Amino acid sequence: MSVIESIIPDERVEKLSNAEISRYSRHLLLPQIGLDGQEKLKAAKVLIVGTGGLGAPLALYLAAAGVGTLGVLDFDVVEESNLQRQIIHSTRDIDRPKVASAADRLKGLNPDIDIVMHNTMLTSANALDIIKDYDIVADGTDNYQTRYLVNDACVLLGKPNVYGSIFQFEGQASVFYAKEGPCYRCLYPSPPPPGLVPSCSEGGVLGVLPGIVGTIQANEVIKLIVGGGNSLIGRLLLFDSWEMKFRELKLDKDEECPICGKHPTIHELIDYEQFCGLKPDHEPEPVDTIEAKELKARLDAGDKIQIIDIREPHERAISPFEGSKPIPLGQLVRRIEEFDENEDAVFLCKIGQRSIFAIRALQEAGYKGRLLNLKDGVNAWARDVDNSLPQY
Amino acid sequence: MAQVLIPTALRAFTEGNSSVDAAGKTVGEVIAAVAEQYPDLKLHLYEENGTIRRYVNIYIGDDNIRNLGGVDAPVVDTDTVMLVPAIAGGVR
Ligand SMILES: [Zn+2]
């Protein structure tokens, strides 16, 4: 059991108004929350990093629950393809900054709370300054560099980091609170090399999945504020929505952890782009690329080229590439014999990211022929060569 | 044979299988057997020097192998070995 007392100091707590008592009566009737807990919620300040798939349910439920100050941080604008899962935004919000769209919705839901908009990217330069004013951070970001940044900033400032992450049908949730248990680095000391794990924009995600995982995060935030219950500190919750299965794994503090262990070596925020291998000097040899128009010209000129579509069948069906040979990414090394080293081979996927990995995997496996990456993938082909194809 | 649970992020490399049976006396041997069966997995699981990549946690039951002696942790046929890689999505 990991029972945590309320992290909100008593001296910040104020009485509820009669209007608030009416609004929150269903909470007040719960002995675990009651007047004390609701007053703590009112006094609490929670920062939600990212107002996307996870941030949407997080922000909506925390606003509804009466968390007195909600910070929403994002630098993006609402896109049409967000609306499949980011239920805090509406069709009319397309092209608006996400934080503005979210703030409108949250104010409409609960006009009594303060919404603080941070229309910016969280960076090593601003993270400590932004986070220091909050009691809890809920992490709904979509990339490794921000995850490590949020973790480190929270450890350095002594704040709990309520974590959720999703991919396709699978979610993870935990509470990283270095004072009481492990941090994100204790679980994952370093990120995967860039491109190894596909992002949701390439791998896809079930729309309701962030709804479920984000709601679990909101649940954990509320328990930290009101105190009591059994926190996810020291446990990693794994959820598979396709199998409809929850699993739970034990997480221990890593005594060797570079930021929260016995002998920490990280005492300030670092360069997270570099840490995640995203700086050019850390990137392995660039692969050769070919632009969509150049490929078209070579094909028109009758050049012999092997065009390899590394997408899975269901994805090829969205925007098929005529004349290509389909070999899914996961089978390339096994089927290396099917390539002709004397002919150039062009690899294509949706946006030209996974195909870079395909080329590296073949190089690693000892392939000697020339390998080219179709720059920006079939979406570029649809944009620059064949307008009859959809971009997705 | 131990049962190895494959997370969604790695299933593209195991022909979509969410679970693979593999033999071995230690967890290192079990994972190596899985990688032998599905060579496209190797790059994802191993660093160039042959150690397991640090973004992949391995659990036997609900215990991290770090607490059980690392890749030398013994495995019996009734064990479930689980790969738990870092996923980053929050979805912009
Ligand atoms: Zn740690």
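Residues numbered from 1 in each chain as written. Chains lettered and ligands numbered in written order. Predicted model: local features only at pLDDT ≥ 70, side-chain atom pairs only at ≥ 80, totals over all residues. Heavy atoms only, no water.

The accessible area lost on association of the parts is a frequent measure of interface size. Counting residues at the interface gives 58 residues for chain A, matched by 33 residues for chain B. Carbon and sulfur atoms supply 54% of the area buried between chain A and chain B, which totals about 3900 Å² over both sides. Considering only the surface of chain A that becomes buried against chain B, Asp142, Lys250 and Arg334 of chain A emerge as the three largest contributors, covering 15% of it. At the junction of chain A with chain B, the criterion picks out 5 salt bridges. Our count for the chain A to chain B interface comes out at 19 residue pairs in polar contact (both at pLDDT 80 or more). Those elements giving two or more residues to the side of chain A that touches chain B turn out to be helix 7 (144-157), strand 5 (161-167), strand 6 (170-176), helix 8 (184-187), strand 7 (235-240), strand 8 (245-250) and helix 14 (354-364) of chain A. (Contact = heavy atoms within 4.5 Å. Buried area = accessible area lost by both parts, 1.4 Å probe. Salt bridge = Lys/Arg side-chain N within 4 Å of Asp/Glu carboxyl O. Polar contact = N/O pair within 3.5 Å; in protein donor to acceptor, adjacent residues only side chain to side chain. Helix = DSSP H or I, 4+ residues; strand = E, 2+ residues; numbered from the N terminus.)

Before going further, it helps to examine the environment of Ile94 of chain A. Summarising the element assignment, Ile94 of chain A is placed in the loop between strand 2 (69-73) and helix 5 (98-109). Using a relative accessible area of 28% as the deciding quantity, one classes Ile94 of chain A as partly exposed. (Buried < 20%, exposed > 50% of the residue type's maximum accessible area, 1.4 Å probe, protein only.)

This part covers the packing of helix 12 (residues 292-300) of chain A against helix 15 (residues 377-384) of chain A. Residues and elements named next belong to chain A. At a closest axis distance of 9 Å, the pairing of helix 12 and helix 15 adopts a crossing angle of 75°. Overall, the two elements helix 12 and helix 15 adopt an arrangement that is roughly perpendicular. Between helix 12 and helix 15, the contacting residues are Ala292, Lys293, Leu295, Lys296 and Leu299 on the first element and Ala380, Trp381 and Asp384 on the second. For the contact of helix 12 with helix 15, a count of residues per class yields 5 nonpolar, no polar and 3 charged. (Axes fitted to C-alpha atoms, helices over the stretch in contact; angles between N-to-C directions. Parallel < 35°, antiparallel > 145°, perpendicular 65-115°, else oblique. Nonpolar A, V, L, I, M, F, W, Y, C, P; charged D, E, K, R; others polar.)

Our focus in this paragraph is the pairing of strand 1 (residues 45-49) of chain A. Residue and element names in this part refer to chain A. Burial analysis of strand 1 places 4 of its 5 residues in the buried class, which makes it a mostly covered element. Across 5 bridges, strand 1 lies against strand 2 in parallel orientation. Along strand 2, the bridge assignment pairs Val46 with Leu70. As for the winding sense of the linkage, the β-α-β connection from strand 1 through helix 4 (residues 55-65) to strand 2 is right-handed. Direction of pairing for strand 1 relative to strand 4 (residues 136-139): parallel, over a ladder of 4 bridges. By the bridge assignment, Ile48 is partnered in strand 4 with Ala138. (Pairing = 2+ DSSP bridges. Right-handed = clockwise from strand over helix to strand, strands pointing away.)

Time to look at the pairing of strand 12 (residues 344-348) of chain A. Residues and elements named next belong to chain A. When you tally the buried positions in strand 12, you get 5 out of 5 residues, the bulk of the element. On strand 12, burial covers both faces: Asp344, Val346 and Leu348 on one face and Ala345 and Phe347 on the other are all buried. Direction of pairing for strand 12 relative to strand 13 (residues 371-374): parallel, over a ladder of 3 bridges. Each residue of the ladder has a partner; that of Ala345, found in strand 13, is Leu371. Regarding topology, helix 14 serves as the crossover connection from strand 12 to the parallel strand 13, and that connection is right-handed.

Let us look at the coordination of the zinc ion. All names here are of chain A. Note on the zinc ion: its protein donors are Cys183 (SG), Cys186 (SG), Cys257 (SG) and Cys260 (SG). The metal-donor distances range over 2.3 Å. If you look at the zinc ion, its 4 donor atoms make angles of 94 to 119° with each other, and the shape they trace is tetrahedral. Mapped onto the sequence, the residues coordinating the zinc ion show the spacing C-x2-C-x70-C-x2-C. On the basis of relative accessible area, Cys257 is assigned to the buried category, the value being 1%. (Donors = N, O, S within 2.8 Å, 3.2 Å for Na, K, Ca; no water. Tetrahedral: all angles 85-135°; square planar, octahedral: opposite > 155°, others 65-115°.)

Moving on: the sheet that holds strand 7 of chain A. All names here are of chain A. Overall, mixed pairing links the 8 strands, which are arranged 3-2-1-4-5-6-7-8 in an open sheet. Looking at which strands have only one partner, the edges of the open sheet turn out to be strand 3 (114-118) and strand 8. Each neighbouring strand pair of the sheet contributes to a mean axis angle of 15°, computed without reference to strand direction. With 3 bridges connecting them, strand 4 and strand 5 associate as parallel partners. Each bridged residue has a counterpart across the sheet, and for Val137 the counterpart in strand 5 is Asn161. Sheet contacts for helix 7: strand 1, strand 4, strand 5 and strand 6; angle to strand 5, the most-contacted strand, approximately 165°.

Right, let's talk about the packing of aromatic side chains for a bit. Residues and elements named next belong to chain A. Here the structure, examined in full by the defined rule, presents 11 aromatic pairs over all chains. Taking the centre distance of 4.7 Å and the plane angle of 55° together, the rings of Phe321 and Trp381 count as tilted. Of this pair, Phe321 sits in the loop between helix 13 (313-316) and strand 11 (325-326) while Trp381 sits in helix 15, placing them 60 residues apart in sequence. Residue class for Phe321 comes out buried when judged on its relative accessible area of 8%. (Phe/Tyr/Trp six-rings, centres within 6.5 Å; stacked < 30°, edge-to-face > 60°.)

Counting 79 residues, the largest nonpolar core has Leu122, Leu332 and Phe347 of chain A together with Val27 and Leu83 of chain B as the members making the most contacts within it. Among the elements that line this core, the one with the most residues is helix 7 of chain A, at 6 residues. Residue assignment places this core across two domains, with domain 1 (10-281) and domain 2 (289-384) of chain A each supplying three or more. Other than its neighbours up to four places away in sequence, Leu83 of chain B contacts Val4, Leu5, Ile6, Pro7, Leu10, Ile31, Leu45, Val56, Asn57 and Ile58 of chain B. (Core = buried A, V, L, I, M, F, W, Y, C linked by side-chain atoms within 4.5 Å. Domains from an automatic or database assignment.)

Here we come to the environment of Leu83 of chain A. Residue and element names in this part refer to chain A. Along the polypeptide, Leu83 turns up in the loop between strand 2 and helix 5. You can call Leu83 partly exposed: its relative accessible area is 24%. Through-space distance from the C-alpha of Leu83 to that of Gly53 is 9.0 Å; in sequence the pair is 30 residues apart.

What follows is about the side chain of Asp139 of chain A. In this structure, Asp139 of chain A sits in strand 4. Not counting residues within four places of it along the chain, the set of residues in contact with Asp139 of chain A comprises Val49, Leu54, Arg147, Val150, Asn161, Val162, Tyr163, Gly164 and Gln217 of chain A.

Moving on to the side chain of Ser190 of chain A. Within the secondary structure, Ser190 of chain A is located in the loop between helix 8 and helix 9 (200-203). The exposure class of Ser190 of chain A is buried, given its relative accessible area of 19%. Apart from the residues within four sequence positions on either side, Ser190 of chain A is in contact with Tyr148 and Phe275 of chain A together with Arg54 and Tyr55 of chain B.

Here the focus is a nonpolar patch on the surface. Residue and element names in this part refer to chain A. Among the surface-exposed residues, Leu128, Leu156 and Leu157 lie close enough to one another that they form a single nonpolar patch of about 190 Å² accessible area. Within the secondary structure, Leu156 sits in helix 7. Residue classification places Leu156 among the partly exposed positions, given a relative accessible area of 32%. (Patch = residues over 30% accessible without salt bridge, like charges linked within 9 Å, V, L, I, M, F, W, Y side chains within 5 Å. Areas by Shrake-Rupley, 256 points an atom, 1.4 Å probe, with all protein chains shown as cover.)

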